[in-house]
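One letter stands for each residue in the lines below.
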2 protein chains.
Amino acid sequence: MSAPRILKPGDTIGILGGGQLARMIALAAAPLGLKAHIYAPEAGSPAFDVASAHTQAAYDDLDALSAFATSVDVVTYEFENVPVDTATFLSAIVPVHPGARALGITQDRLDEKTFVSRLGIETAPFAEVNDDAGLEAALAEIGRPAVLKTRRFGYDGKGQVIIREGDDAAAAFKAIGRHPAILEGFVPFEREVSVVAARSEDGRFKAYEVTENEHRHHILYRSTVPADVTPAVEAVSAEIARRIGEALGYVGVFAVEMFLVVEDGAQGVIVNEIAPRVHNSGHWTLDGAVTSQFEQHVRAIAGWPLGAVERLGRVEMTNLIGNEADSWHEILAEPGAHLHLYGKAEARPGRKMGHVTRIFEP
Amino acid sequence: MSAPRILKPGDTIGILGGGQLARMIALAAAPLGLKAHIYAPEAGSPAFDVASAHTQAAYDDLDALSAFATSVDVVTYEFENVPVDTATFLSAIVPVHPGARALGITQDRLDEKTFVSRLGIETAPFAEVNDDAGLEAALAEIGRPAVLKTRRFGYDGKGQVIIREGDDAAAAFKAIGRHPAILEGFVPFEREVSVVAARSEDGRFKAYEVTENEHRHHILYRSTVPADVTPAVEAVSAEIARRIGEALGYVGVFAVEMFLVVEDGAQGVIVNEIAPRVHNSGHWTLDGAVTSQFEQHVRAIAGWPLGAVERLGRVEMTNLIGNEADSWHEILAEPGAHLHLYGKAEARPGRKMGHVTRIFEP
């Protein structure tokens, strides 16, 4: 691990991954006088178009990684499935933020839930599942309905199956490939919310307001801010993020996805997942907050002061999935709508092609 | 001249010039799903770092220009001293916005003033100067003090000299290289203001609010919006811009620099100069308006609807000249200040290195 490094204008941020998140980080780095070097295996990655350099290579190509690491001043990533070995290899040469520890814990649903609940933060009830017998035991403990998820490499609803009363548990386990798994109790939540926050190496911390998220087909469809939550939920959400960031020794922007539950008329939150990166539910900050989550992430990993997180109005962010991006011309004609397209060549179903932000008077 | 073309996401904007204006146009094009190809003679041009492609070649390199023109869907430029021949050559292959006519007129101070005054818009009194005798005649007509300016290639106070009572006129002419010149009457102005506006090919027009500009050493130091002007000045300024845009058949963003004069207690404006491009006095729109001048320019040259020009607060934009950019860390620590650095390697005196925008409650 290298010593902490404070970047200066003219320095270069290395980003693992070349999708829209890397692209928006690079676009935020430029006005701060920083260059971006994108590292991604896929040809024509959207982030290549806005970066001063790119390396197209695999995440286990040690020669390419080594050259990349020596050409940049800090490394970050746009997705949590960067191999921990890659992060560890790079961090011997150049600071990597967030660090390998945050990456390791959040890549594994069981480790993540264990980590969160050991902090005394509420999660859904959960149990480890490694085989059919273990699944039966877990179901006996947690009850039905429950959600069986692979421990690793799940996103946007992939790698998970609901086990309801009467369902064949063994078939469910087979459906997720009999991979090491976690069984989670079903949370009767009202709504899904998230908090996007930033922490810098010296422990400074800032959280954006809680965002309310509507999913369709397991993909984020719309975020709205402010969320319809109590001041207590706002406060506790920020505090949850602060404690998680602190316990991870986190540097950069991250998101905590939560379920909003109502018990005896009082709102509370249950942590579902930590995303160690800028997050789709924080895209509203691009036009709707003083500092965007992308600029905030750059500030944090550069060792710079965090920016103001105040909201500029009532904000609504809608994803443009697949051919929804065909409506770009109508969006451009809508006064005050902010269009963000990701530069992806092909609009496959379910693919995030862009988003649109609308700001209303507070 | 090619037929009008409406761009679609995935298309590429070609930009002549690789400085901060090109850089900010490219940064604004990306979220709209457009790629940028920068054409500039200088190695390491700041805009190269945020573009999907760049060509480093001279403006009279026809092979390079030809390859550039066929690789892009529209061409624009960041500075008014692009050779008209270059624009004309390119426009045989691809649409060039703004067109060669706007470029030709605004490159020549005499043509520009003649054009403006023929529209019935007030300018300083002016006369053509080609030799010493012509200068004497012009001085007799216009009086002293007066400003002698080269007709072409002047900017930031370069290529001009004031002739006061008792000054040697011939020496002044020699000081500007005895180039074809224009003598302009001295306007006893109160303040300098500008209007930044956009026009699209089908005649749609939008103007930002009048900006008040403070210069130091002939370089813009600070812009503030709203300007301290009457509603009548706001209205007449927008109307002046509309008529100039119309008469030029202009496509894109342009600025009209004006002197604010007060006669018999009433404010009025006198046009000083037209800048056929995004303009330093419009940088406040990046954080201070719904649509930035850079996005607006992209929308206009793409044939897309113009964006909303509403202001988001009381805005102050301050240039960072030379080593003033060394204060970047203090600016980052200032809540709500928006830092924009241009990625220039060397901070020479008088060089625009960046700017900072501050938004205050209206």
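Keep in mind that this is a model prediction, so the values were computed, not measured.

**A short note on the overall build of chain A**
- Counting its secondary structure elements, chain A contains 11 helices and 17 strands.
- The C-alpha atoms of chain A give a radius of gyration of 20 Å, which matches the 21 Å a tight globule of 362 residues would have.
- Seen along its three principal axes, the alpha-carbon backbone of chain A occupies a region of about 60 × 50 × 40 Å.
- For chain A, the share of sequence-separated contacts (at least 6 apart) that also reach a separation of at least 24 residues comes to 61%.
- Surface summary for chain A: the accessible area is close to 14100 Å², and the carbon and sulfur share equals 51%.
- For chain A, the distance from the average site of its 33 positive side-chain charges to the average site of its 49 negative ones is 2 Å.

**Let's talk about the environment of A:Val309**
Residue and element names in this part refer to chain A.
- Along the chain, the position of valine 309 falls in the loop between helix H10 (293–302) and strand S15 (314–321).
- Put simply, valine 309 and histidine 338 are 29 residues apart on the chain and 19 Å apart in space, counted from C-alpha to C-alpha.
- When neighbours within four sequence positions are excluded, valine 309 is seen to be in contact with Lys206, Ala207, Tyr208, Ala289 and Gln296.

**Comments concerning the relation of the copies chain A and chain B**
- For these two chains of identical sequence, chain A goes onto chain B by a turn of 180° and a shift of 0.0 Å along the axis, with RMSD 0.0 Å. Those values place the two copies in the arrangement expected of a two-fold rotation axis. Among all residues of chain A, the minimum C-alpha distance to the rotation axis is found for A:Val50, at 2.2 Å.
- In this assembly the copies share their binding face: 100% of the residues contributing to the interface of chain A also contribute to that of chain B.

**Quick word on the environment of B:Ala266**
All names here are of chain B.
- Residue placement: alanine 266 occurs in strand S14 (residues 266–275).
- What makes alanine 266 partly exposed here is its relative accessible area of 44%.
- In sequence terms alanine 266 and valine 225 are 41 residues apart; their C-alpha atoms lie 20 Å from each other.

**Here's the deal with the pairing of strand S6 (residues 146–150) of chain B**
Residues and elements named next belong to chain B.
- Burial within S6 is extensive, with five of its five residues counted as buried.
- Both S6 and strand S7 (residues 160–163) contribute to a ladder of four bridges, which runs antiparallel. Opposite valine 147, over in S7, you have isoleucine 162 as the bridge partner.
- Both S6 and strand S8 (residues 181–185) contribute to a ladder of five bridges, which runs antiparallel. Bridge assignment links lysine 149 to a residue of S8, and that residue is isoleucine 182.

**What to know about the nonpolar core**
- Membership of the largest hydrophobic core comes to 142 residues, with the highest contact counts inside it found for A:Ile13, A:Leu16, B:Ile13 and B:Leu16.
- Look past the residues within four positions of A:Ile13 in its chain and what remains in contact with it is A:Leu7, A:Ala29, A:Leu34, A:Lys35, A:Ala36, A:His37, A:Val72, A:Val74, A:Thr76, A:Val298 and A:Ile301.

**Considerations on the domain arrangement of chain A**
- For chain A, the assigned domains read domain 1 (12–96), domain 2 (125–185) and domain 3 (191–360).
- Each of domain 1 of chain A and domain 2 of chain A has a C-alpha centre, and these two points are 35 Å apart.

**Describing the sheet that holds strand S1 (residues 12–16) of chain A**
All names here are of chain A.
- The strand order S3-S2-S1-S4 describes an open sheet built from four strands, whose pairing is parallel. For this open sheet the edge positions go to strand S3 (53–56) and strand S4 (74–77), each flanked by a neighbour on one side alone. The average undirected angle you get between the axes of adjacent strands in this sheet is 20°.
- Relative to S3, strand S2 (residues 35–40) is paired through four bridges, and the arrangement is parallel. Its bridge partner being in S3, isoleucine 38 is matched across the sheet by histidine 54.
- Against the sheet, helix H1 (residues 20–29) makes contact with S1 and S2, and its axis sits at roughly 175° relative to S1, the strand it touches most.
- Helix H2 (residues 62–71) rests against S1, S2, S3 and S4 of the sheet, and its axis sits at about 170° to S2.

**With respect to the interface of chain A and chain B**
- If you look at the interface, chain A gives 29 residues, while chain B gives 29 residues.
- Between chain A and chain B, the buried area comes to about 2700 Å², and carbon and sulfur atoms account for 64% of it.
- Our count for the contact surface shared by chain A and chain B stands at two salt bridges.
- When the shortest N-O distance is used, the salt bridge between A:Lys35 and B:Asp49 registers 3.7 Å.
- Put simply, chain A and chain B have eight residue pairs in polar contact (both at pLDDT 80 or more) between them.
- Broken down by secondary-structure element, the contributors of at least two residues to the side of chain A that touches chain B are H1, helix H11 (328–332) and strand S16 (337–341) of chain A.
- In the side of chain A that touches chain B, the residues fall into 18 nonpolar, six polar and five charged.

**Let's talk about the pattern of salt bridges**
All names here are of chain A.
- As enumerated under the stated definition, the model contains 40 salt bridges over all chains in all.
- Among the ionic pairs, glutamate 184 bridges to lysine 113, the shortest N-O distance being 2.7 Å. With a gap of 71 residues between them, glutamate 184 in strand S8 (residues 181–185) and lysine 113 in helix H5 (residues 109–118) connect regions that are remote in the sequence. Comparing glutamate 184 with lysine 113 shows no difference in burial state: the two are buried.

**Digging into the side chain of B:Ser223**
Residues and elements named next belong to chain B.
- Following the sequence through the fold, serine 223 ends up in strand S12 (residues 219–225).
- A relative accessible area of 0% means that serine 223 is categorised as buried.
- The residues touching serine 223, leaving out its near neighbours within four places in the chain, are Thr211, Glu212, Asn213, Ser281, Val315, Glu316 and Met317.

**Regarding the packing of helix H3 (residues 84–91) of chain B against helix H4 (residues 100–107) of chain B**
Residue and element names in this part refer to chain B.
- In the contact formed by H3 and H4, the axes pass within 9 Å of each other and the chain directions differ by 175°. Between H3 and H4, the angle falls in the class roughly antiparallel. Across from Val84, Ala87 and Thr88 in H3, the residues of H4 making contact are Ala100, Leu103, Gly104 and Gln107.
- Of the residues that constitute the contact of H3 with H4, the class distribution is four nonpolar, three polar and no charged.

**Some words on the side chain of B:Arg299**
- Among the secondary structure elements, B:Arg299 is positioned in helix H10 (residues 293–302).
- Under the relative-accessibility criterion, B:Arg299 is labelled buried at 2%.
- A distance of 2.9 Å separates the side chain of B:Arg299 from the backbone oxygen of B:Pro305, its partner in a polar contact.
- In contact with B:Arg299, not counting residues within four places along its chain, are A:Leu332, A:Ala337, B:Leu32, B:Thr291, B:Trp304, B:Pro305, B:Leu306 and B:Gly307.

**Considerations on the packing of aromatic side chains**
Residues and elements named next belong to chain A.
- Summed over the entire model, instances satisfying the criterion amount to 14 aromatic pairs over all chains.
- With 4.7 Å between their ring centres and 55° between their planes, tyrosine 250 and phenylalanine 254 make a pair best called tilted. You'll find tyrosine 250 and phenylalanine 254 in the same group, each marked buried.
- Each member of the aromatic cluster is reached from another via a ring pair, and the members are Tyr39, Tyr59, Phe68 and Phe79.
- Of note, arginine 216 hangs over the ring of tyrosine 221, and the distance from its end group to the ring centre comes to 3.6 Å.

Cut-off values and rules
Residues numbered from 1 in each chain as written. Chains lettered and ligands numbered in written order. Predicted model: local features only at pLDDT ≥ 70, side-chain atom pairs only at ≥ 80, totals over all residues. Heavy atoms only, no water. Helix = DSSP H or I, 4+ residues; strand = E, 2+ residues; numbered from the N terminus. Rg over C-alpha atoms; globule rule 2.2 N^0.38 Å. Contact = heavy atoms within 4.5 Å. Areas by Shrake-Rupley, 256 points an atom, 1.4 Å probe, with all protein chains shown as cover. Lys, Arg positive; Asp, Glu negative; His and termini not counted. Charge placed at Lys NZ, Arg CZ, Asp CG, Glu CD. Least-squares fit on C-alpha atoms with pLDDT ≥ 70 in both. Buried < 20%, exposed > 50% of the residue type's maximum accessible area, 1.4 Å probe, protein only. Pairing = 2+ DSSP bridges. Core = buried A, V, L, I, M, F, W, Y, C linked by side-chain atoms within 4.5 Å. Domains from an automatic or database assignment. Axes fitted to C-alpha atoms, helices over the stretch in contact; angles between N-to-C directions. Buried area = accessible area lost by both parts, 1.4 Å probe. Salt bridge = Lys/Arg side-chain N within 4 Å of Asp/Glu carboxyl O. Polar contact = N/O pair within 3.5 Å; in protein donor to acceptor, adjacent residues only side chain to side chain. Nonpolar A, V, L, I, M, F, W, Y, C, P; charged D, E, K, R; others polar. Parallel < 35°, antiparallel > 145°, perpendicular 65-115°, else oblique. Phe/Tyr/Trp six-rings, centres within 6.5 Å; stacked < 30°, edge-to-face > 60°. Lys NZ or Arg CZ within 6 Å of the ring centre and 35° of its normal.

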